[in-house]
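Summary of the model geometry
What follows is each chain in one-letter form.
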Amino acid sequence: MNTKILKPSDSAYTYPLLIKRLLTSVQRVENRNQIISGSQRFSYRQFNERICRLASALRAQGIGPGDVVAVMDWDSHRYLECFFAIPMIGAVLHTVNIRLSPQQILYTMNHAQDKLVLVHDDFLPIIEGIQGELETVKAYIQLSDVDAPVTASFITAGEYETLLARADSCYEFPDFDENSVATAFYTTGTTGNPKGVYFSHRQLVLHTLTMVNSLLSRNADVPLLNHSGVYMPITPMFHVHAWGIPYAATMMGVQQIYPGRYEPNKLARLIREEGVTFSHCVPTILHMVLQSDDASNTDFSKWKVIIGGSALTPGQAEQAMFRSIDIFSAYGMSETCPLLAITRITREQRDLPFAEQVAWRVKAGVPSDLVDIDIWDANNIPMPHDGKSVGEVVARAPWLTQSYLYEPEKSAELWANGWLHTGDVASIHPNGCIEIKDRIKDVIKTGGEWISSLTLEGMISTHPGVQTVTVIAIPDEHWGERPCAMVIARNAECTAQSILDHLQQYVASGAINKWAVPKEIRIVAEIPTTSVGKIDKKRIRSQMT
Ligand code: AMP
């Protein structure tokens, strides 16, 4: 194509999209909103100064462009400072998944080639156990929430606050190539070793701008978050940068609450006492918060919540809406930074009866700005967006990981035919709304039919006695596979027979056929979850076979 490209003036400034650009002049003069973490409260002016101090401290430890710095912390103001200072000096932030096993943590730290580790007191025992096998780490900085930190059994460069207090409060952050790697972390829930994904400055800046626009515009008349809102993430900062929303909230200069280790009572108390208006989490965390003792005297009516990472069932959405929570869904994955889609609630949908609103709120939303989403059949042929045809979700956006870290073969699979393959199956409605049907690996193949485990979970979730449900395939001699449901009961109404009776209405209406009715329903006390709090179907399957 003969597009016209003109040579810029030699003296023109090309403006690389770097993370430092998210620290706008707006929040430098912000003097009302703060960043709050435990007993600490910082103004945005102090936050900017602390980023400079952290950058100076990192340089003093010999960290420079291209070096990888690992962080092992609960969600805190320190983590937010690392989100900025580490990439802003040209280094790479590795957010370590502290819920993995020590052997998996060791694998990820060696694979990422971590040079410096910032480690919270609570995770010192993990480092003590694997320290001898860490191949590239040269130094450690201790992170502590108490005045008298525990003494590590290995040599550290010192404690974070002490190092910051000594460090220079001025730092001139340089310009460099916007395609430089800014962050890296490892996906969970896969077979074999975790896979590394990574994102550049340019990708994170574009992701942040789109996220800000989504937060401002996705909810009819009422932004999900704006300058007068109070933000508290409850998606761990180690997992996909807490969906990148801390970057957006910082750029907007809003009041931010970092809750430390997630304890349901503490989370409910923070929502109440700090007047939190916006959070995001996986369904199990929302459930834990709503079941906590502190939830009973907490008014949730100002709280907007985006649920992602797993499907939000209609039953869960109804429970949240009964508590007056304004609830939304979002869709994405580690490989996609993660934003692909968020529910858009129009003015007309807000006026719909409760049950009809729920139906829109639990779908995965419409693609975000700059995101292309399609569904393809097994031969890579695009399927119609008619709300019925089902295919694999493929995506393109400016912020998708360009490959798995040092894994060319898996990367080629991920990017087959120039689109990122999500491994999810979905239909797309004529209004653009995506309805995730399942992970390809979780679909139940019974006879010649495919049954969506998410559809069945959604139906079972509306039984009044059901608290949590998951559906997996179990082998069946005759049909190949049949569904098996595991249910945590909310009350005594919840029996296997009553769930079977409840499902008959969907069989009668033709929404499912009779083979989709689970062969087995187990009422259980607990359902295993992954390191990021999602229901762990892989583990359930392996326990059952
Ligand atoms: P992870 O990479 O661990 O964040 O997991 C990403 C996966 O979570 C996606 O590929 C989906 O299977 C699932 N997921 C994320 N958001 C949703 C959603 N809104 N509805 C259904 N599944 C979701």
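Before any of the text, the structure's been laid out above.
Everything numeric in this text was worked out from a predicted model, so none of it was measured.

1. Some remarks on the pairing of strand 16 (residues 372–376)
In terms of burial, strand 16 is largely enclosed, as four of its five residues are buried. With five bridges connecting them, strand 16 and strand 17 (residues 391–396) associate as antiparallel partners. Of the residues in strand 17, the one forming a bridge with Trp376 is Glu392.

2. Overview of the side chain of Thr530
When you line up the elements, Thr530 lands in the loop between strand 24 (520–523) and helix 18 (537–544). By relative accessible area, which is 19% here, Thr530 ends up buried. Excluding residues within four positions of it along the chain, Thr530 makes contact with Ile535 and Asp536.

3. Notes on helix 17 (residues 496–508)
Over its 13 residues, helix 17 extends 19 Å from the first C-alpha to the last, a length consistent with the 18 Å expected when each residue adds 1.5 Å. Every buried residue of helix 17 is listed here: Ser498, Ile499, His502, Leu503 and Tyr506. Where helix 17 is buried, its residues contact helix 16 (453–461), strand 22 (466–476), strand 23 (480–489) and strand 24. The first or second residue beyond helix 17 is Gly510, which carries a positive phi of 85°.

4. Digging into the sheet that holds strand 8 (residues 196–200)
In any sheet, the strands associate via hydrogen bonds between backbone groups, in a parallel or an antiparallel arrangement. Pairing is mixed across the open sheet formed by six strands, whose spatial order is 6-5-3-4-7-8. Pairing within the sheet leaves two strands with one partner each, and these edge strands are strand 6 (139–143) and strand 8. Each strand axis lies, on average, 20° off the axis of its neighbour in the sheet, ignoring direction. Of the pairings in the sheet, the one linking strand 4 (residues 92–95) to strand 7 (residues 181–186) comprises two bridges and is parallel in character. The residue bridging His94 from the neighbouring strand is Ala184, located in strand 7.

5. Comments concerning the pattern of salt bridges
A full pass over the atoms with the stated rule returns 22 salt bridges. Linking Arg350 and Asp326 is a salt bridge whose minimum nitrogen-to-oxygen distance equals 3.1 Å. With a gap of 24 residues between them, Arg350 in helix 13 (residues 347–350) and Asp326 in strand 13 (residues 326–332) connect regions that are remote in the sequence. For Arg350, a relative accessible area of 29% gives the class partly exposed. One network of salt bridges, in which partners are shared, links Arg50, Glu81 and Glu161.

6. Here's the deal with the nonpolar core
Ranked by size, the top nonpolar core spans 111 residues in total, and within it Met72, Phe84, Met109, Ile127 and Leu215 carry the most contacts. Two domains each provide a minimum of three residues to this core, namely domain 1 (43–174) and domain 2 (262–440). Beyond its immediate sequence surroundings of up to four residues, Leu215 is in contact with Pro223, Leu224, Leu225, Ile245, Ala248, Met252, Phe278 and Ile306. Ranked by size, the runner-up nonpolar core spans 30 residues in total, among them Ile36, Val230, Ala295 and Ala317.

7. Things to note about the sheet that holds strand 19 (residues 434–439)
Spatial ordering of the open sheet is given by 16-17-18-19, a layout of four strands whose pairing is antiparallel. Strand pairing shows two members of the sheet lacking a second neighbour, strand 16 and strand 19, which therefore form its edges. Averaged over all adjacent pairs, the angle separating strand axes in this sheet is 45°, with direction ignored. In terms of strand pairing, strand 18 (residues 420–428) meets strand 19 through five bridges, oriented antiparallel. By the bridge assignment, Ile428 is partnered in strand 19 with Ile434.

Definitions and limits used
- Residues numbered from 1 in each chain as written.
- Predicted model: local features only at pLDDT ≥ 70, side-chain atom pairs only at ≥ 80, totals over all residues.
- Heavy atoms only, no water.
- Buried < 20%, exposed > 50% of the residue type's maximum accessible area, 1.4 Å probe, protein only.
- Helix = DSSP H or I, 4+ residues; strand = E, 2+ residues; numbered from the N terminus.
- Pairing = 2+ DSSP bridges.
- Contact = heavy atoms within 4.5 Å.
- Expected span 1.5 Å × (residues − 1).
- Axes fitted to C-alpha atoms, helices over the stretch in contact; angles between N-to-C directions.
- Salt bridge = Lys/Arg side-chain N within 4 Å of Asp/Glu carboxyl O.
- Core = buried A, V, L, I, M, F, W, Y, C linked by side-chain atoms within 4.5 Å.
- Domains from an automatic or database assignment.

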